[in-house]
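# Structural features, examined
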Amino acid sequence: MSSKIKSVLFIIGLLFIFPNLISRNQAREVSNHSIAAFYVFGDSYVDPGNNNYIGSIARSNFAPYGIDFVNQKATGRFSDGKVIADFLASYLGFENYVPYLDPDFTIQAKPAVGFASAGTGFDKRTAAALNVIPMSTQLEYFKEYKAKLASTIGQEEADNQTTNAVFIVNCAVNDFAITYYGPGNVVGLPDGTTIEQYEEFVLQQLQEFVQGLVDLGARRIAVSGVPLFGCWPNVITLYSSDPATALVTRTCNETLNSVGSDYNAKVQEALKTMQSSLANQGLKLAYFDTYTPMLNILQNPANYGFDVINKGCCGTGLLEQSVLCNPLSAVCSDRSKYEFFDSVHLTEAASSVIAGANIDAINSITN
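Presented here is a report on the structure given in the accompanying data block. (Residues numbered from 1 in each chain as written. Predicted model: local features only at pLDDT ≥ 70, side-chain atom pairs only at ≥ 80, totals over all residues. Heavy atoms only, no water.)

## What about the environment of Ile84?
Secondary-structure assignment places Ile84 in helix α2 (residues 84-91). Take Ile84: its relative accessible area is 1%, and that puts it in the buried class. Distance in space between the C-alpha atoms of Ile84 and Ser351 is 4.8 Å, their sequence separation being 267 residues. (Helix = DSSP H or I, 4+ residues; strand = E, 2+ residues; numbered from the N terminus. Buried < 20%, exposed > 50% of the residue type's maximum accessible area, 1.4 Å probe, protein only.)

Following this line, the structure appears as structure tokens:
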């Protein structure tokens, strides 16, 4: 496979980023009813469909995406059904999780709003690679939203709603998968940039983003690291030292998983430092873990009801995502047995597992 073709497939393919499982039919509501709103920022693992309304190829508003969603509707979620944030919204007592850029979006009393954009990262070069919404712009969108909210219900009530809202920040994996490890370094990082230097750069961007939310009044924030992206099916296909063997063995890329583990440890330490320094402002920070639940699934898939964990449900499951996973693609008959719907993004069943594994983290900032 030529490096040019490999790069194109990689860019198309990377369109984003437990016992306590939340079932699709048994989402619980927290006992603390003071949660006034739910706001989510990040990439495709939490995007409810904002990319439908921008000029980007990073879309999924067509079949077979949404095959298990309400009315089998392709909403722009990169899944057969719900994404992680849908389950968290239900757990917190919100009826619908909606994209901010939807033209039909209106200010409402108890909103669950997603500002996320599939394919984005903290590094603006990551968002530029797929022409999606940078995290800095997502923050500006929230500032814009809060101004609209204040004009509707008054500044004091808008501030109260922000203070008593839960915020989720799920981002960074595309910075590594696209910007740092992309074939031929597709977005042109400075020569000689080490992975350690890049981890520190992304971490700094994350801290600045969280501080931006705090400055806008957020006080209950859960922040993720990166998922187990060395086990994404398309990474296994494209980034094995022996691609022919990888088609048979389907083993994870442990170099990328090690990077993810190192970065996640740094995120947790940074959150502890921010929590300590800002605790007098009433800030509650929590680490949202997508990596460990995916590792647990890898090690014991049957414990979570999965039969297939090394390829997606759509098409061959080896490379297809977004436009490569389309109405002409074959789809597995039982999505609940697959961890991945396409070759990067989780099935509704897997998103439920990850959301359920983080309930303690959510409770820690709501109580």
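## Concerning the state of the cysteines
A complete count under the given rule lists 3 disulfides for this structure. Through a disulfide, Cys231 is tied to Cys252; the S-S separation comes to 2.0 Å. On the sign convention where negative is left-handed, the bridge of Cys231 and Cys252, at about 110° about the S-S bond, is right-handed. A residue pair is termed long-range when its members are at least 10 positions apart, and Cys231 in the loop between β5 (220-224) and α8 (233-238) and Cys252 in the loop between α9 (243-249) and α10 (254-278) qualify at 21 residues. Here Cys231 matches Cys252 in class, with each residue buried. A sulfur-sulfur separation of 2.0 Å characterises the disulfide bridge that pairs Cys313 with Cys332. Given an S-S torsion of about -105°, the disulfide between Cys313 and Cys332 has left-handed geometry. With Cys313 in the loop between α11 (291-299) and α12 (348-357) and Cys332 in the loop between α11 and α12, this pair connects stretches of sequence that are 19 residues apart. A relative accessible area of 4% places Cys313 in the buried class. In the protein, the bonded cysteines, numbered by position in the sequence, are linked as 1-2, 3-6, 4-5. (Disulfide = S-S within 2.5 Å.)

## Some remarks on the side chain of Thr290
In this fold, Thr290 is placed in the loop between β6 (284-288) and α11. You can call Thr290 buried: its relative accessible area is 2%. Ignoring anything within four residues of it in the chain, the contact list for Thr290 reads Ile84, Asn170, Val226, Pro227 and Ile354. (Contact = heavy atoms within 4.5 Å.)

## Side note on the pattern of salt bridges
Counting across every chain of the model gives 8 salt bridges. A salt bridge links Lys148 to Glu144, with the nearest nitrogen and oxygen atoms 3.7 Å apart. Of this pair, Lys148 and Glu144 are both found in helix α4 (residues 135-153), 4 residues apart, which corresponds to roughly one turn of the helix. The partner of Lys272 in a salt bridge is Glu269, and the shortest N-O contact between them spans 3.6 Å. In this pair, Lys272 and Glu269 both sit in helix α10, 3 residues apart, roughly one turn of the helix. A cluster of three or more residues bridged by salt bridges with shared partners is formed by Glu199, Glu200 and Lys266. (Salt bridge = Lys/Arg side-chain N within 4 Å of Asp/Glu carboxyl O.)

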